[in-house]
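Now for the letters of each chain:
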Amino acid sequence: RELPEARALLRRRVGGAISQQGNSTRPPPPGLRVLLEVLASIISGFGEPQHAHRMLLTEVLIPLHKPTGRLDETTPYLSLYHEPLVHCLVLLLRREPRLILSLLPPLVQSWPLPREGNSAKEVLLLHELEQLLEQCTSEYHA
């Protein structure tokens, strides 16, 4: 196979495996963090922005913010894979800063409700918002 076809197949397979966690109420599988690191390598190789890149964002990466469960009183599931997730998002925004407009509304919707008392997840999301907005600053201030 040609490299672009193999890359697209790998992106679909990895994306499919990752997207299963988005609607899960169980702890993430141990390999999720590694799959996101592989996905970051794939995103690094992206060329011109394509519809498939937007679909990766909306169907695979954004839903990973939804799980509200925790391992214990202070450790949200999101913390187990947050770092490589944010890295993937930052790489996508570097390629296409306009994607921030598709990313922000669902990210804010994934914010924990006050009654959930999930301040650790709130801190993760605040840190993520800061990193994502930094990627877009030069695009909109240039």
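So, how was this worked out
- Residues numbered from 1 in each chain as written.
- Predicted model: local features only at pLDDT ≥ 70, side-chain atom pairs only at ≥ 80, totals over all residues.
- Heavy atoms only, no water.
- Buried < 20%, exposed > 50% of the residue type's maximum accessible area, 1.4 Å probe, protein only.
- Helix = DSSP H or I, 4+ residues; strand = E, 2+ residues; numbered from the N terminus.
- Arc of directions from axis to C-beta.
- 1 Å grid on protein atoms, 1.4 Å probe; cavity = no way out; pocket = protein on both sides within 12 Å on 5 of 7 lines; lining within 4 Å.
- Points joined across faces, edges and corners; volume = space filled by probe spheres on them.
- Nonpolar A, V, L, I, M, F, W, Y, C, P; charged D, E, K, R; others polar.
- Expected span 1.5 Å × (residues − 1).
- Core = buried A, V, L, I, M, F, W, Y, C linked by side-chain atoms within 4.5 Å.
- Contact = heavy atoms within 4.5 Å.

**Structural notes on helix 3 (residues 51–61)**
And step 1. Along helix 3, the positions that sit buried rather than exposed are His53, Leu56, Leu57, Val60 and Leu61. The buried residues of helix 3 occupy an angular sector of 115 degrees when projected down its axis, which confines them to one face.

**Regarding empty space enclosed by the protein**
And step 1. One pass over the structure, following the stated rule, counts one cavity of 30 Å³ or more.
And step 2. Each pocket or cavity is described by its volume, and for the largest cavity that value is around 30 Å³.
And step 3. A per-class count over the lining of the largest cavity returns four nonpolar, one polar and two charged.

**Digging into helix 4 (residues 82–95)**
And step 1. The end-to-end C-alpha separation of helix 4 is 20 Å, in line with the 20 Å expected for 14 residues at 1.5 Å each.
And step 2. Judged by how many residues are buried, helix 4 sits mostly within the fold: 10 of 14 residues are covered.
And step 3. Residues His82, Pro84, Leu85, Val86, Cys88, Leu89, Val90, Leu91, Leu92 and Leu93 constitute the buried set of helix 4.

**Comments concerning the nonpolar core**
And step 1. Ranked by size, the top nonpolar core spans 34 residues in total, and within it Leu36, Leu39, Ile43 and Leu61 carry the most contacts.
And step 2. Elements represented by at least two residues in this core include exactly helix 1 (3–19), helix 2 (32–44), helix 3, helix 4, helix 5 (100–109) and helix 6 (119–141).
And step 3. Of all the elements, helix 4 adds the most residues to this core, at eight residues.
And step 4. Residues in contact with Ile43, not counting those within four places in the same chain, are Leu56, Leu61, Cys88, Leu91, Leu92 and Arg95.

**So, the environment of Lys121**
And step 1. Secondary-structure assignment places Lys121 in helix 6.
And step 2. Judged by relative accessible area, which is 0%, Lys121 ranks as buried.
And step 3. Between the alpha carbons of Lys121 and Arg70 there is a distance of 9.4 Å; along the sequence they are 51 residues apart.
And step 4. Beyond its immediate sequence surroundings of up to four residues, Lys121 is in contact with His65, Lys66, Pro67, Thr68, Pro76, Leu78, Ser110 and Pro112.

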